[in-house]
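Spelled out from the first residue to the last, the chains are:
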Amino acid sequence: MIPLMVDFTGRKVIIFGGGAVGARKARYFVEEADVTVYSRSFHPDFSSIPVRQEVLDLSPDAYSICPLIQDSALVIAATSDPDLNNIIREASESVHVFCNVASGNPGDVFLPAKVTGKKFTLAISTIGSVPAVSRLIREEMEKTFPDMDELIELGEWIRESFSTDHADPISGQSILYTALRDPETRKALSKGQMNAREYIRERYGS
Ligand SMILES: C[C@@]1(CC(=O)O)c2cc3[nH]c(cc4nc(cc5[nH]c(cc(n2)[C@H]1CCC(=O)O)[C@@](C)(CC(=O)O)[C@@H]5CCC(=O)O)C(CC(=O)O)=C4CCC(=O)O)c(CCC(=O)O)c3CC(=O)O
Ligand SMILES: NC(=O)C1=CN([C@@H]2O[C@H](COP(=O)(O)OP(=O)(O)OC[C@H]3O[C@@H](n4cnc5c(N)ncnc54)[C@H](O)[C@@H]3O)[C@@H](O)[C@H]2O)C=CC1
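The model shown is predicted, which means the values in this text are computed figures rather than measured ones. Sequence positions are assigned chain by chain, starting from 1 and proceeding in written order. Chains carry letters and ligands carry numbers; both start at the beginning, A for chains and 1 for ligands, and go up in the order they are written. Only residues with pLDDT of at least 70 are given local features in this predicted model, and only at 80 or more are side-chain atom pairs given and counted; all residues enter the totals for whole chains, interfaces and linings. Only hydrogens and water are removed before side-chain values are computed, so all heavy atoms of the structure are retained for them.

Q: Is there a simple way to think about the overall build of the protein chain in this case?
A: Each helix is a run of H or I in the DSSP string that is no shorter than four residues. Each strand is a run of E no shorter than two, and both are numbered from the N terminus. Assigned secondary structure in the protein chain consists of 8 helices and 7 strands. Only C-alpha atoms enter the radius of gyration; for comparison, a globular chain is expected to reach 2.2 Å times N to the power 0.38, where N is the number of residues. Taking 17 Å as the expected radius of gyration for a compact globule of 206 residues, we find that the protein chain reaches 23 Å, considerably beyond that expectation. Oriented by its inertia axes, the alpha-carbon framework of the protein chain measures out at about 70 × 30 × 30 Å. Residues counted as buried form 36% of the 206 residues belonging to the protein chain. Long-range contacts, defined as pairs at least 24 residues apart, comprise 47% of the intrachain contacts of the protein chain with a sequence gap of at least 6. For the area figures, the Shrake-Rupley method with a 1.4 Å probe applies, and any residue is considered shielded solely by the protein chains shown. Approximately 12,500 Å² of the protein chain is accessible, and the part contributed by carbon and sulfur atoms is 53%. Here the protein chain holds 22 positive side-chain charges and 29 negative ones, and the gap between their average locations is 4 Å. Each residue gets one of three labels from its accessible area relative to the maximum for its type: buried under 20%, exposed over 50%, partly exposed in between, using a 1.4 Å probe on protein chains only. For this analysis, residues touch if any pair of their heavy atoms sits within 4.5 Å. Charged residues are defined here as Lys and Arg on the positive side and Asp and Glu on the negative side; His and the ends of the chain fall outside this count. Charge coordinates come from a single atom per side chain, which is NZ of Lys, CZ of Arg, CG of Asp or CD of Glu.

Q: Can you walk me through the site of ligand 2 in this structure?
A: For each residue, the test is whether any non-hydrogen atom lies within 4 Å of the molecule or strand; if one does, the residue is near. Near ligand 2, the surroundings consist of 19 residues, among which Val 21, Arg 24, Ser 41, Leu 58 and Ser 103 are the closest. Here a polar contact is taken to be a pair of N or O atoms separated by no more than 3.5 Å, where protein atoms must pair a possible hydrogen donor with a possible acceptor and residues adjacent in sequence count only if both atoms sit in side chains. At a separation of 3.1 Å, an oxygen atom of ligand 2 approaches a polar backbone atom of Ala 20. Here Val 21 contributes a backbone N or O atom positioned 2.9 Å from an oxygen atom of ligand 2. Notes on ligand 2: free accessible area 860 Å², of which the protein chains cover 69%. Among the elements that make up the shell around ligand 2, the one with the highest residue count is helix α1 (residues 20-30) (4 residues).

Q: Would you mind showing me how to read the packing of aromatic side chains here?
A: To describe a pair of aromatic rings, one takes the distance between the centres and the angle between the planes. In this analysis, rings of Phe, Tyr and Trp, with Trp reduced to its six-membered ring, are considered paired at centre separations within 6.5 Å, and the interplanar angle assigns stacked below 30 degrees, edge-to-face beyond 60, and tilted for intermediate values. A full pass over the atoms with the stated rule returns 5 aromatic pairs. Ring geometry for Phe 8 against Phe 29: centres 5.2 Å apart, planes inclined by 70°, an arrangement best described as edge-to-face. Of this pair, Phe 8 sits in the segment before β1 (12-16) while Phe 29 is found in helix α1, placing the two residues 21 residues apart along the sequence. Taking the centre distance of 5.6 Å and the plane angle of 20° together, the rings of Phe 16 and Tyr 38 count as stacked. Of this pair, Phe 16 sits in strand β1 while Tyr 38 is found in strand β2 (residues 34-39), placing the two residues 22 residues apart along the sequence. Across the pair, Tyr 38 and Phe 16 agree in class, each one buried. Above the ring of Tyr 28, the side-chain terminus of Lys 114 is found at 4.9 Å from the ring centroid. Put simply, a charge is over a ring when the Lys NZ or the Arg CZ is close to the ring centre, within 6 Å, and near the line of the ring normal, within 35 degrees. Here Arg 181 stacks its cationic end above the ring of Tyr 177, 3.6 Å away from the centre of that ring.

Q: In this structure, what is going on with the nonpolar core? I would like to understand it.
A: Buried together is how nonpolar side chains tend to be arranged in soluble globular proteins. Throughout, nonpolar core names a set of buried Ala, Val, Leu, Ile, Met, Phe, Trp, Tyr and Cys residues whose side chains join them through atoms within 4.5 Å. Grouped together as the largest cluster of nonpolar side chains are 17 residues, with contacts concentrated most on Phe 16, Ile 65, Ile 69, Val 75 and Ile 88. Counting only elements with at least two residues in this core, the list comes to β1, α2 (62-69), β4 (74-77), α3 (82-94) and β5 (98-101). Among the elements that make up this core, the one with the highest residue count is α3 (4 residues). Grouped together as the second largest cluster of nonpolar side chains are 16 residues, Phe 8, Phe 29, Val 35 and Phe 46 included.

Honestly, it's all geometry; don't read function into it.
Written out as structure tokens, the structure reads:
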């Protein structure tokens, strides 16, 4: 399994199954992708998720599923019937489209737990074994890096303000590398961007 960040803008995501799990997956993609959900019933959460909802009783044969997924970027098999989900997975494979499977044989795509800010995304996965651990790690990351966006903004400023050949005399590493690892930087940052910049100018400025 190889992690990637994928741009789904303008891409089609097809979800089969409109239960709680289908709704969670729809919410995961809806901000970016063009999402259609096929199901014979829809969870109430769908009333607040702007996706195309198609009422359909799916029969367990790949031939009827293939036309629905042909030009999609990702298929999600989230019905409550693992056998049907497996058939959706096989249909996806036959038209060379990636497939995520909620229950049944594992698909070839897993959805991670994620922490997202303005300038970053952290994704955590146990590749299907214990999703509760992914959630635990996600919560730990949120506690450890509440200032991630601030840190990135500071990093951008350091890169603009110091030339790349200006190394820290003590560590010999670049200012960017050293200042981001300096615990005093994080302390200063907790009092604001200007405070952190002032600290870095004093500590690392030439
Ligand atoms: C394979 C995968 C499907 C996929 O690829 O989409 C999958 C499958 C299953 N999840 C199940 C249960 C739970 N899922 C969670 C939570 C999350 N599950 C997510 C992803 C994934 N879940 C993918 C693998 C990701 C990985 O490996 O890390 C997260 C990360 C993202 C998301 O989907 O939102 C989200 C964390 C969100 C957050 O950050 O909070 C919790 C914990 C909780 O909610 O507290 C529980 C209960 C405890 C437990 O069982 O661990 C069950 C058993 C169903 C049953 O039989 O009851 C299955 C089915 C099976 O395992 O067969
Ligand atoms: N991947 C994950 O993160 C998790 C997966 N699961 C598994 O995901 C599956 C779905 O879970 P829920 O959404 O809670 O189930 P659910 O029963 O609430 O929803 C299933 C949906 O599939 C539809 N459906 C089933 N057969 C159909 C058919 N032949 N044609 C058209 N629509 C059909 C139903 O109408 C319903 O809308 C379950 O097998 C569950 O064990 C459960 C928890 C977490």
